[in-house]
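A closer look at the structure
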There are 2 protein chains.
Amino acid sequence: MSYTAPVKDMLFTIEHLANIGQIAQIPGFEDAGLDTAQAVLEECAKFNEGVLAPLNWEGDKNPSAWKGGEVTTTPGFKEAFRQYADGGWQGLQHPADFGGQGLPKTIGAACIEMTNSANMSFALCPLLTDGAIEALLTAGSDALKAKYLEKLVTGQWTGTMNLTEPQAGSDLALVRTRAEPQPDGSYKIFGTKIYITYGEHDMAENIVHLVLARVQGAPEGVKGISLFVVPKFLVNDDGSLGARNDVHCVSIEHKMGIKASPTAVLQYGDHGGAVGYLVGEENRGLEYMFIMMNAARYAVGVQGIAISERAYQKAVQYAKDRVQSRPVDGSIQASAPIIHHPDVKRMLMTMRATTEGCRAMAAVAAAAYDAAHFHPDAEVRKQNQAFYEFMVPLVKGYSTEMSLEVTSLGVQVHGGMGFIEETGAAQYYRDAKILTIYEGTTAIQANDLVGRKTARDGGQTAKAIAAQIEKTEADLRASGTPDALAVAQRLGAARKAFLDVVDFVAGNTKASPNAVFAGSVPYLMLAGNLVAGWQMARALLVAQELLQKGQDAPFMRAKITTARFYADHLLTKAPGQRDSIVEGAQSVTELALEAY
Amino acid sequence: MSYTAPVKDMLFTIEHLANIGQIAQIPGFEDAGLDTAQAVLEECAKFNEGVLAPLNWEGDKNPSAWKGGEVTTTPGFKEAFRQYADGGWQGLQHPADFGGQGLPKTIGAACIEMTNSANMSFALCPLLTDGAIEALLTAGSDALKAKYLEKLVTGQWTGTMNLTEPQAGSDLALVRTRAEPQPDGSYKIFGTKIYITYGEHDMAENIVHLVLARVQGAPEGVKGISLFVVPKFLVNDDGSLGARNDVHCVSIEHKMGIKASPTAVLQYGDHGGAVGYLVGEENRGLEYMFIMMNAARYAVGVQGIAISERAYQKAVQYAKDRVQSRPVDGSIQASAPIIHHPDVKRMLMTMRATTEGCRAMAAVAAAAYDAAHFHPDAEVRKQNQAFYEFMVPLVKGYSTEMSLEVTSLGVQVHGGMGFIEETGAAQYYRDAKILTIYEGTTAIQANDLVGRKTARDGGQTAKAIAAQIEKTEADLRASGTPDALAVAQRLGAARKAFLDVVDFVAGNTKASPNAVFAGSVPYLMLAGNLVAGWQMARALLVAQELLQKGQDAPFMRAKITTARFYADHLLTKAPGQRDSIVEGAQSVTELALEAY
């Protein structure tokens, strides 16, 4: 069950699709060019392959365990997290001022993929810590920053996000946890939070909870929610740890997957009130939480890619080893490794094309994030911000939904062995299923895509992306190779389907919300598929060019075939999806509730 | 986690789509009309809802356990199996001569669905016993029949199928278990069999293994395989049990799902040889085994429908209970049950339409089986046999592949709760994944569809089905309602896509096997989708007519909406699949093996 980081594909993507050369021209990122990317990725690969990957199956067999309010993580996790922190991996994308490395997301995202491929349960701890860091960076006071950030960035402490309550899942308006202001400016927090990833564990000496709660007298609904820092141990002014705070883990969940990652029920204030500190201003908690969530949503999308890559590698290995039946073309006159069978190839190619397409989409989104945040030109920042925001629900929604199919195919390639837990393929299938749920279900991502990202600007951003895709089609036609022409045709058909849907969404969200939201997830899937397929088409053009220059022919040929596969087997779904969305809304919503 | 058998939908399907009235005109089935169907289904529902369904989750928590060669099943299973046997359920479809009820498959299939919805792990025991009965009925000598059949039909003993060996999964040519002829006409069996469902358990006093093995000197490959009966306990001539035979369960597997169902590794002959009795003639074992497998494949397809139905019911229940967020259309000015949200409806309708469509397909196939076996007119038998054989890979492959999507949506509807094991939705997701693997993976079904069922007769059977579908389209157009017209359009487009693929398959299987088999599973999925959608279209026509007659308006309206949904959201996939199959083969197979 080993893992080999796909460094070559990552660097190809970072160089040619995400254009790291342009990122390295942004002030502050001068040292973050391709050479840096290569050095970081190679180091990262070594750590993840050697340290984290071997612990993945161990975490499934020997999950985190709760006893008397304390959580013991899988043997080896604590030591591995210390190595992770000491290696500087937690701080990779965070500011040097607080002990980080200040690298662009374009590089960081690839490292996050590796850590999640190696060990998704483990990777959740740094993922949530990243979210807490983002929130404090954006909205925390200087005092909060000074007290907490460096410890988080260096991995001495870890962070969590506390949103969900038993009655408040997707619907944060229903949050009931309350905060009572204290004379010293702090608050006392009371309530129950559930589904808190790494809400309690033994891997760090303190845990910094970021908690949504209502200050007494706040408005109803989401406009009355504030954000608080609630540390497990209070922190003295000199940075040393003080008293144990009144937040306690009363249980952890028994889950289908990511078993090593403790999912805590946290009880705040049962013994007088947990001490909390307001982040930013009262009643703006949701806004700040969205900063964390957007970072986390992107990262969860990367988890989808990561687990797909791991499942693919495992399936390839098995398909090359397992001997069964003669090839249908008679090329081998004896039972052969099953990778010779066309349907096994179809499954592996589906896994591969999906993974590479989603990886390329995520990399391009990461580059847009970097430009949106750090480019000196305001207009460039604005355009990139709009593109990035459009991408977040696609990276999150499409990559994770597809990871369900990819990990399912991963089991399927193994045949009966896939259903036996010891084989390991089943773990990826079970682990992946959380990805379409947490940090906003696919439907929540689709609501975001429909409402904030499409209807709000009348489909303008969507159409700008379609215009860019049309240019790629022209480039493909200009190239004129059979592969490029075939891909141009599929890409064009998918783009037209997308534009029909964008018009439908932009034109009807207000007047016929039921009809539009009936197709919201199919719209997300169509859009994600199109953008990933577009990136594969761009990759094909680059690979053709480099192949002609004699550069790494086996890799370039494989990229061309994979891009062609993507177009012929995945982009072909788009026109049918268009029909379902634009013409099929009525049957989604007309059944009487009693008839279900 | 209760289960309510969908008796009304089953009876609608059996009456109007499978035309039980015609089955009841076949000599021997005179008493097997709609009234009998209703009485049997109602009784069956009572038993499955009351006895088996409550044990399902228990079986997941408390799986079968192995100790010292013996397997203890989940508490309650033994008693439940006794009730099952005493109720006559094992013998439902088997001949009265051997203690069965002799009912048609058209009725029996619905009962099998119920048992699998209630408890799939439990249902596997009778499913495999059915296979053993079929094989003995077809090929067993009178002596073997006399000794074993009644005990199996009445559920006093159970049966198994022993095909797989560590090196021989899909590829039965590699079977190495050997049989040595003995002077008394029996054989001694030596070898290891794996993945033997209910290969050892405590629910019955004897287990009758049907075992593939090679007689010494037999030809290589599948033409040298024979079939043997190997009972766990030898059977005396008076029917009483004799000595323990030399077949032993050395372990059971640790699986992702169907945990209550023991999956045994059986060791034959480690203590001198297991006594076995030849079924039929030497070297014809595969032929006989295919009889068992075809029965079992159909039944596994029904398992897919069954688990989809259970997942659907659970998701509906949760969606009606769980309150979260306001409806987008402003129809409720407060947080509402999530079934009011369009995307939740889309998920539930996808689950519902898929389940009803597959159920209708399976019912029509069952009626064809009954006519193929028992109709007095040879020509009618022949036509029905061809139709049934075409249906088996679709019922098995399509219903089970779709059950992966349905059970995944079932988890998704539950949000975070779906990932918590205690909720129960995750169990269906885990259980379902075996269905696309055992009794021949989806690829094996697709090979059958391409080779034996399409290429062999030049696509004749496939085209005959398409012609029937075209008649339904004409009926829909004649009906002229907006729903019927919309469905006619989708059905026509899907049929044309299917015909293109059939021509491609029939025309190229010999000359370009790689190209055809690259699209074999997509062809199966297209064909299954088309046939299920066709049955839903027929259901729509019936429902429109009965609605006009004032019969059960809520049910008929729901059927019309569900059929329309099927057409608009599932049949719409077909043209894209056609493009992938007919135009996309190259990119499936051209990647160099080293590039994977």
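Residues numbered from 1 in each chain as written. Chains lettered and ligands numbered in written order. Predicted model: local features only at pLDDT ≥ 70, side-chain atom pairs only at ≥ 80, totals over all residues. Heavy atoms only, no water.

The name given to chain A in an unreviewed UniProt entry is Acyl-CoA dehydrogenase, with Acidovorax lacteus as the source organism. Note on chain A: under the UniProt heading Sequence similarities (unreviewed entry), the record states "Belongs to the acyl-CoA dehydrogenase family." Recorded under Cofactor (unreviewed entry), the UniProt text for chain A is reproduced unchanged: "FAD". (UniProt positions renumbered as here; feature names shortened; annotations may be inferred.)

Before going further, it helps to examine the overall build of chain A. Helix and strand counts for chain A come out as 20 helices and 12 strands. For 596 residues, the compact-globule formula gives about 25 Å, and the C-alpha radius of gyration of chain A, at 24 Å, lands near that figure. Taken over the C-alpha atoms alone, chain A extends approximately 80 × 60 × 55 Å along its principal axes. Taken over 596 residues, chain A has a buried fraction of 64%. In chain A, the share of contacts with a sequence separation of at least 24, taken over all contacts with a separation of at least 6, comes to 74%. For chain A, the exposed area adds up to about 19900 Å²; of that, 51% sits on carbon and sulfur atoms. Taken as two groups, the 53 positive and 65 negative side-chain charges of chain A have centres that lie 4 Å from each other. (Helix = DSSP H or I, 4+ residues; strand = E, 2+ residues; numbered from the N terminus. Rg over C-alpha atoms; globule rule 2.2 N^0.38 Å. Buried < 20%, exposed > 50% of the residue type's maximum accessible area, 1.4 Å probe, protein only. Contact = heavy atoms within 4.5 Å. Areas by Shrake-Rupley, 256 points an atom, 1.4 Å probe, with all protein chains shown as cover. Lys, Arg positive; Asp, Glu negative; His and termini not counted. Charge placed at Lys NZ, Arg CZ, Asp CG, Glu CD.)

Turning next to the packing of aromatic side chains. The description of two aromatic rings rests on the distance between their centres and on the angle between their planes. Scanning the entire structure with this criterion turns up 27 aromatic pairs over all chains. Where Y298(A) meets Y388(A), the ring centres are 6.2 Å apart and the plane angle is 40°; that geometry is what we call tilted. Placement of the pair is Y298(A) in helix α9 (residues 285-321) and Y388(A) in helix α11 (residues 378-413), with a sequence separation of 90 residues. In terms of burial, Y298(A) and Y388(A) fall into one category: buried. Both rings, one in F77(B) and one in F122(B), keep their centres 5.7 Å apart while their planes meet at 70°; by these two values the pair is edge-to-face. Pair noted here: F77(B) is in helix α5 (residues 77-86) and F122(B) is in helix α7 (residues 120-139), with a separation of 45 residues, a long-range link. By relative accessible area, which is 0% here, F77(B) ends up buried. Through a chain of ring-to-ring contacts, the aromatic side chains of F47(A), F77(A), F81(A), Y84(A), W89(A) and F122(A) assemble into a single cluster. (Phe/Tyr/Trp six-rings, centres within 6.5 Å; stacked < 30°, edge-to-face > 60°.)

Over its 14 residues, helix α6 (residues 105-118) of chain A runs 19 Å from end to end, which matches the ideal 20 Å to within 8%, given 1.5 Å per residue. Most of α6(A) sits inside the fold, with 13 of its 14 residues counted as buried. (Expected span 1.5 Å × (residues − 1).)

Glancing now at the interface of chain B and chain A. Every contact between the two is made by 87 residues of chain B and, on the other side, 87 residues of chain A. Both faces combined, the contact of chain B with chain A buries some 7600 Å², and carbon together with sulfur accounts for 59% of it. Our count for the contact surface shared by chain B and chain A stands at 4 salt bridges. Across the salt bridge formed by R490(A) and D579(B), the nearest N and O atoms sit 3.8 Å from each other. Here chain B is connected to chain A by 44 residue pairs in polar contact (both at pLDDT 80 or more). Its residues assigned to classes, the side of chain B that touches chain A shows 36 nonpolar, 28 polar and 23 charged. (Buried area = accessible area lost by both parts, 1.4 Å probe. Salt bridge = Lys/Arg side-chain N within 4 Å of Asp/Glu carboxyl O. Polar contact = N/O pair within 3.5 Å; in protein donor to acceptor, adjacent residues only side chain to side chain. Nonpolar A, V, L, I, M, F, W, Y, C, P; charged D, E, K, R; others polar.)

Right, let's get into the pattern of salt bridges. A pair can form between side chains of opposite charge whenever their charged atoms are brought close. Enumeration according to the criterion identifies 64 salt bridges over all chains in this entry. R578(A) serves as the salt-bridge partner of E583(A), at 2.9 Å between the closest nitrogen and oxygen. Residue classification places E583(A) among the partly exposed positions, given a relative accessible area of 35%. The residue E356(B) makes a salt bridge to K559(B) at a minimum N-O spacing of 2.8 Å. Of this pair, E356(B) sits in helix α10 (residues 342-374) while K559(B) sits in helix α18 (residues 553-569), placing them 203 residues apart in sequence. The structure contains a network of salt bridges with shared partners spanning D483(A), R490(A), R564(A), D568(A), D500(B), R578(B), D579(B) and E583(B).

This paragraph deals with the environment of F390(B). Residue and element names in this part refer to chain B. Inspection of the secondary structure assignment puts F390 in helix α11 (residues 378-413). Between the alpha carbons of F390 and T461 there is a distance of 7.5 Å; along the sequence they are 71 residues apart. If we skip the residues at most four places from it in the chain, F390 touches L449, K453, T454, T461, A462, I465, F498 and Y523.

Moving on, we get to the packing of α11(A) against helix α14 (residues 460-479) of chain A. Residues and elements named next belong to chain A. The contact between α11 and α14 brings their axes to 10 Å, and the two run at 95°. Taken together, the axis directions place α11 and α14 in an arrangement best described as roughly perpendicular. Judged by residue contacts, A386, F387, F390 and M391 of α11 engage T461, A462, I465 and Q468 from α14. Split into classes, the residues belonging to the contact of α11 with α14 amount to 6 nonpolar, 2 polar and no charged. (Axes fitted to C-alpha atoms, helices over the stretch in contact; angles between N-to-C directions. Parallel < 35°, antiparallel > 145°, perpendicular 65-115°, else oblique.)

Let us look at the nonpolar core. Ranked by size, the top nonpolar core spans 384 residues in total, and within it L348(A), Y523(A), L348(B) and Y523(B) carry the most contacts. When sequence neighbours within four positions are dropped, the list of residues in contact with Y523(A) reads F390(A), L449(A), V450(A), T454(A), A462(A), F498(A), V501(A), V502(A), V505(A) and I581(A). V230(A), I252(A), Y268(A) and A274(A) belong to the second-largest nonpolar core, a separate cluster that totals 17 residues. (Core = buried A, V, L, I, M, F, W, Y, C linked by side-chain atoms within 4.5 Å.)

Looking now at the UniProt feature "domain: Acyl-CoA oxidase/dehydrogenase middle" (unreviewed entry) in chain A. If you check UniProt for "domain: Acyl-CoA oxidase/dehydrogenase middle" (unreviewed entry), the listed places come out as residues 161-267 of chain A in our numbering. Helix makes up 0% of residues 161-267 of chain A and strand makes up 47%, while its end C-alpha atoms are separated by 14 Å.

This next bit is on empty space enclosed by the protein. All names here are of chain B. All chains considered together, the criterion is met by 7 cavities of 30 Å³ or more. Of the volumes computed, that of the largest cavity is approximately 160 Å³. Around the largest cavity sit 16 residues that line it, and Y84, W89, I112, P126 and D130 are the ones nearest its centre. Sorting the residues of the lining of the largest cavity by element identifies α6 (105-118) and α7 as the ones contributing at least two each. Per-element accounting of the lining of the largest cavity gives the leading share, 5 residues, to α6. Considering only residue class, the lining of the largest cavity consists of 9 nonpolar, 6 polar and 1 charged. (1 Å grid on protein atoms, 1.4 Å probe; cavity = no way out; pocket = protein on both sides within 12 Å on 5 of 7 lines; lining within 4 Å. Points joined across faces, edges and corners; volume = space filled by probe spheres on them.)

A word on unusual backbone geometry. Notably, S325(A) is not glycine yet its phi reads approximately 70°, a positive angle. Examined against the element boundaries, S325(A) turns out to sit in the loop between α9 and α10 (342-374). When its relative accessible area of 22% is taken as the criterion, S325(A) is described as partly exposed. The backbone of Y198(B) sits at a positive phi, close to 55°, despite the residue not being glycine. By secondary structure assignment, the location of Y198(B) is in the loop between β5 (187-197) and β6 (207-215).

Our next topic: the relation of the copies chain B and chain A. Of the transformation superimposing chain B on chain A, the axial component is 0.0 Å and the angular component is 180°, with the fit at an RMSD of 0.0 Å. Both copies are brought into coincidence by an operation consistent with a two-fold rotation axis. In this assembly, 100% of the residues forming the interface of chain B have copies in chain A that are likewise at the interface, indicating an isologous arrangement. (Least-squares fit on C-alpha atoms with pLDDT ≥ 70 in both.)

The next thing to look at is the state of the cysteines. Enumeration according to the criterion identifies 0 disulfides over all chains in this entry. Not engaged in a disulfide, the cysteine C249(A) finds its nearest cysteine sulfur in C125(A); these two sulfurs lie 14 Å apart. (Disulfide = S-S within 2.5 Å.)

Interface size is commonly expressed as the accessible area that is lost once the parts come together. Residue and element names in this part refer to chain A. Here chain A is partitioned into domain 1 (7-63 + 74-153), domain 2 (158-286) and domain 3 (289-586). Residue-level contacts link 14 residues of domain 2 with 12 residues of domain 3. When domain 2 packs against domain 3, the two sides together hide about 1100 Å² of surface, and 75% of this comes from carbon and sulfur. By the criterion of area lost to domain 3, the three top residues of domain 2 are M161, M256 and I258, representing 47% of everything that side buries. In this structure, the connection of domain 2 to domain 3 is made through 0 salt bridges. Joining domain 2 to domain 3, the criterion identifies 5 residue pairs in polar contact (both at pLDDT 80 or more). For the side of domain 2 that touches domain 3, the element with the highest residue contribution is strand β3 (residues 158-162), accounting for 3 residues. When its residues are assigned to classes, the side of domain 2 that touches domain 3 shows 8 nonpolar, 5 polar and 1 charged. (Domains from an automatic or database assignment.)

Further remarks concern the packing of helix α15 (residues 482-508) of chain A against helix α19 (residues 574-583) of chain A. All names here are of chain A. Here α15 crosses α19 at 15°, and the two axes come no closer than 8 Å. When the axes of α15 and α19 are compared, the pair comes out roughly parallel. For the pair α15 and α19, the crossing hand works out as left-handed. Contacts between α15 and α19 involve A493, A494, A497, D500, V501 and F504 from the first element and A574, P575, R578, I581 and V582 from the second. A per-class count over the contact of α15 with α19 returns 9 nonpolar, no polar and 2 charged. (Left-handed = near helix turned anticlockwise from the far one by under 90°.)

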